[in-house]
Amino acid sequence: MKHITAITEMQEFCRSLRREGKTIGFVPTMGFLHDGHLSLMRTARAENDVAVASIFVNPTQFGPNEDLDRYPRDAEGDAMKCAAAGVDVLFLPATAEMYAGAPAVFVTVEKLSEVLEGAIRPGHFRGVATVVTKLFNIVQPNRAYFGQKDYQQCAVIRRMAAGLNMGVDIRALPTMRESDGLAMSSRNVYLDPEQRRKATCLYRALSAAAELVRAGVHEPEKVRQKMRAVLLAEKGVEIDYAEIVDPDTLVPLDRMQDRMVLLVATRVGSTRLIDNLLVL
Ligand code: PAF
């Protein structure tokens, strides 16, 4: 596996791949990789001639009181995991390489970025859209792979890629879960054993709500109440939102429809956890 840290080298390398007619599958990450990331990398490897991954903890998507400084890192372990997952090129830019000076150019996806996570973490999706645009411009992939665990992020990136005619096929792959249902996330490492046990309430809330939908409940409000009840049954779990929304616009539903997505966001201790389930 090739390691590249300079933007110009990465651009030149990817340009030469494209000239040779090779397709590039790209997996952008912030590192501290788990099986969810690795399944994206294996898919990128299987569907393209060359698999590129990046590890960059992007400061512009963290708010002032968020966990940028303590975000978990494991450079050596990550490199080994990428190589084992079939990654051909690992891009590891330093912060000064990605943002020379104070960032002054941003990409904003209106509306979709303003609700749910965006309402609680102002500026978060502007940071995500900006860094993903930069990475796409550097790597120029044919396909890019994201985990559906970050449902809203996938929606924002898809809208951004379409709106700016980026010509990148955005692929969202199913959430990978631990055996008790907890969605895999780099942030799970923050949970102590008791919090880790409580954290299963996100998937339990989503599953109970999905069950209600399948049983034919007519009122979205009842679905929200169900999720809230399951989450609040765990002491110390605080709810940021428990929503049922349209899967494309993310607008909260006031009546049931064919395709819907359930989304929950909580704080378990000081750790923020999100999860979602598509109900089709
Ligand atoms: O999902 C992530 O890890 C990040 O938001 C991403 C897409 C790599 C952008 O920094």
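Refer to the structure above for everything that follows.
In this report, the structure presented in the accompanying data block is examined. Numbers given for residues are sequential positions, taken from 1 along each chain in its written order. Totals for whole chains, interfaces and linings use all residues, but because this is a predicted model, local features are given only for residues with pLDDT of at least 70 and pairs of side-chain atoms are given and counted only at 80 or more. Note that the side-chain values use all heavy atoms of the structure and ignore hydrogens as well as water.

1. Overview of the site of the ligand
Here a residue is considered near a molecule or strand provided that any single heavy atom belonging to it is located within 4 Å of it. Inspection of the region around the ligand gives Pro-28, Thr-29, Met-30, Asn-58, Gln-61, Val-131, Phe-146 and Gln-153 as its neighbouring residues. In the model, an oxygen atom of the ligand is placed 2.6 Å from a nitrogen or oxygen of the Gln-61 side chain. Think of a polar contact as two N or O atoms within 3.5 Å of one another; within protein, one of them needs to be a possible hydrogen donor and the other a possible acceptor, and neighboring residues in sequence only count if both atoms come from side chains. Within the side chain of Gln-153, an N or O atom sits 2.7 Å from an oxygen atom of the ligand. Per-residue accessibility takes into account occlusion by the displayed protein chains alone, with areas from the Shrake-Rupley method and a 1.4 Å probe. The fraction of the free accessible surface of the ligand (290 Å²) that becomes covered by protein chains is 89%. Split by residue class, the shell around the ligand holds four nonpolar, four polar and no charged. Gly falls in the polar group here, along with every residue not listed as nonpolar (Ala, Val, Leu, Ile, Met, Phe, Trp, Tyr, Cys, Pro) or charged (Asp, Glu, Lys, Arg).

2. Topic: the packing of helix H1 (residues 7-19) against helix H6 (residues 124-139)
It is the contact of H1 with H6, at a shortest axis distance of 7 Å, that shows an interaxial angle of 55 degrees. Taken as axis vectors, H1 and H6 run oblique relative to one another. Packed against H1, whose contacting residues are Ile-7, Met-10, Gln-11 and Cys-14, the element H6 presents Asn-137, Ile-138 and Val-139 at the interface. A breakdown of the residues in the contact of H1 with H6 according to their chemical character gives five nonpolar, two polar and no charged. Axes here refer to lines fitted to C-alpha atoms; in helices the fit is confined to the stretch in contact. Angles between the N-to-C directions go from 0 to 180 degrees. Counting from the N terminus, the helices are the DSSP runs of H or I reaching at least four residues and the strands are the DSSP runs of E reaching at least two. Angles below 35 degrees are treated as roughly parallel, those above 145 as roughly antiparallel, those between 65 and 115 as roughly perpendicular, and all remaining angles as oblique. We call two residues contacting when some pair of their heavy atoms lies within 4.5 Å.

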